[in-house]
Amino acid sequence: MDPQLTSQIVPIEEVKVIEECLVRLAEDTGGNYVLLLDKSGQVITAQGDAARQDITALGALIAGTFASSREVAKLLREKDFRQLFTQGVRENIFIALIEDQWILCIIFNKGTHIGLVKVLTKKATDDLSVVLERVREQQKARDDVLGSSFRTSMEDTIDLLFRD
Amino acid sequence: MALINVAAREIHCKIVYYGPGMSGKTSNLQYIHNQVPKEAKGELLSIATETERTLFFDFLPLDLGKVRGFQTRFHLYTVPGQVLYERTRVAVLNGADGVVFVADSQRHKLEENIRSLRELAVNITKQNKKFQEFPVVLQYNKRDVPGALPTATLDKYLNTLGWQRYEATATNGSGVFDTLKAISKLVISKL
């Protein structure tokens, strides 16, 4: 199989480490919501206001913004923009890139100072880089998840659902 | 790259509808959004201009429910087709697991189709992926238009890699689900 098409599998123990990191970041900054996304826009995990229903769309849009900024960077002959800050009337969003794979996003209100968010996000991205490195290295779980019976069940579901 | 979250027992895959401007990429998503049962779909999100041309992307999350204990989700995106938005297409393609290339069957669109397909190959290669091995399904859309090019002609110019291809009229839904089924299965087979 082409290694470039290999799926990324985030094991249970790593998800726990990630969640602890996001909770710490939310608590230490007083942020309302913290998200970890894959660069394709998929939400790996989210912490904060449980009532949020829109995180799938939020993930797609934030990843789109980031991917778009990467193209802007290229035009400016920058390697990439590692951080983005969006200021709103009530809430602000700070987004940071982890290696070239994950995106950490924190939503916070006027009660939190951007300087604090920047410093603590930097620490969190360093910690998450280590997790990402471990996730990239681990391969063994795939066969446990994606056996041939999974693929057959998946095809049946696709046939059942995707029809006129 | 598909994402498998073992703790949350979720699998996410990203499928991008690519092709020249006005070839019917958004129409594909609109039809799917209308037909799929409510519990299996999210909102169709469109970032479009006032004249309803796609500016950034359309986004439709589909939830296939639990398969062998794993919540499985397909995220469908379209790119803006107009030549002007080349860099935007690169951004949307980021991390895609598979592509549906929506070609316009009208005779005067052949060159645009070829150019768009070439651009897709370049953009996939830029992501360090081998285009020949990348999951692609071809859709010849607008088969209902009088004077549509014969499929043999389209095959000759567009399907040199021998992909699965489907004839479609996205506005009335013909061929839309055949295409979606084909790309979904192809992506799953490469997980």
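This text goes with the structure placed above it.
In this report, the structure presented in the accompanying data block is examined. All figures in this text were calculated on a predicted structure; none of them were measured in a lab. (Residues numbered from 1 in each chain as written. Chains lettered and ligands numbered in written order. Predicted model: local features only at pLDDT ≥ 70, side-chain atom pairs only at ≥ 80, totals over all residues. Heavy atoms only, no water.)

Comments concerning the interface of chain A and chain B
Across the contact, 48 residues belong to chain A and 54 residues belong to chain B. Approximately 4,600 Å² of surface area, both sides summed, lies buried where chain A meets chain B, with 67% of it carried by carbon and sulfur atoms. Applying the counting rule to chain A against chain B returns two salt bridges. Joining chain A to chain B, the criterion identifies 10 residue pairs in polar contact (both at pLDDT 80 or more). Those elements that provide at least two residues to the side of chain A that touches chain B are strand S1 (8-10), helix H1 (12-29), strand S3 (43-48), helix H2 (55-75), helix H4 (141-145) and helix H5 (148-161) of chain A. The dominant element in the side of chain A that touches chain B, judged by the number of residues it contributes, is H2 of chain A, at 12 residues. (Contact = heavy atoms within 4.5 Å. Buried area = accessible area lost by both parts, 1.4 Å probe. Salt bridge = Lys/Arg side-chain N within 4 Å of Asp/Glu carboxyl O. Polar contact = N/O pair within 3.5 Å; in protein donor to acceptor, adjacent residues only side chain to side chain. Helix = DSSP H or I, 4+ residues; strand = E, 2+ residues; numbered from the N terminus.)

Section: the layout of surface pockets
Any empty space left between the atoms is revealed when a probe the size of a water molecule rolls over them. In this structure, the second largest pocket occupies an estimated 570 Å³ of space. Around the second largest pocket, the lining is made up of 28 residues, and of these Gln 53, Asp 54, Ile 55 and Thr 56 of chain A together with Arg 73 of chain B lie nearest the centre. Secondary-structure elements contributing two or more residues to the lining of the second largest pocket are S3 and H2 of chain A together with strand S2 (10-18), strand S4 (54-67) and strand S5 (70-78) of chain B. Split into classes, the residues belonging to the lining of the second largest pocket amount to 11 nonpolar, eight polar and nine charged. (1 Å grid on protein atoms, 1.4 Å probe; cavity = no way out; pocket = protein on both sides within 12 Å on 5 of 7 lines; lining within 4 Å. Points joined across faces, edges and corners; volume = space filled by probe spheres on them. Nonpolar A, V, L, I, M, F, W, Y, C, P; charged D, E, K, R; others polar.)

Regarding empty space enclosed by the protein
Per the counting criterion, the structure on display carries two cavities of 30 Å³ or more. Computed from the structure, the second largest cavity encloses a volume of approximately 60 Å³. What lines the second largest cavity is simply Lys 39, Ser 40, Ala 60, Ala 63, Gly 64 and Ala 67 of chain A together with Lys 14, Phe 57, Tyr 77, Ala 91, Val 92 and Asn 94 of chain B. If you list the elements that add at least two residues to the lining of the second largest cavity, you get H2 of chain A together with helix H2 (86-93) of chain B. Looking at the lining of the second largest cavity element by element, the count peaks at four residues for H2 of chain A. Of the residues belonging to the lining of the second largest cavity, the class tally is seven nonpolar, three polar and two charged.

Quick word on the packing of aromatic side chains
All names here are of chain B. Scanning the model with the defined rule gives eight aromatic pairs over all chains in all. Arranged with centres 4.8 Å apart and planes meeting at 55°, the rings of Phe 56 and Phe 57 form a pair that is tilted. Residues Phe 56 and Phe 57 agree in their burial class; the two are buried. Note on Phe 131 and Trp 163: the rings are 5.7 Å apart at their centroids and 85° apart in plane angle, and the pair reads as edge-to-face. Taken together, the positions of Phe 131 in the loop between helix H3 (110-126) and strand S7 (136-141) and Trp 163 in the loop between helix H4 (151-158) and strand S8 (164-167) put the pair 32 residues apart, joining distant regions of the chain. (Phe/Tyr/Trp six-rings, centres within 6.5 Å; stacked < 30°, edge-to-face > 60°. Buried < 20%, exposed > 50% of the residue type's maximum accessible area, 1.4 Å probe, protein only.)

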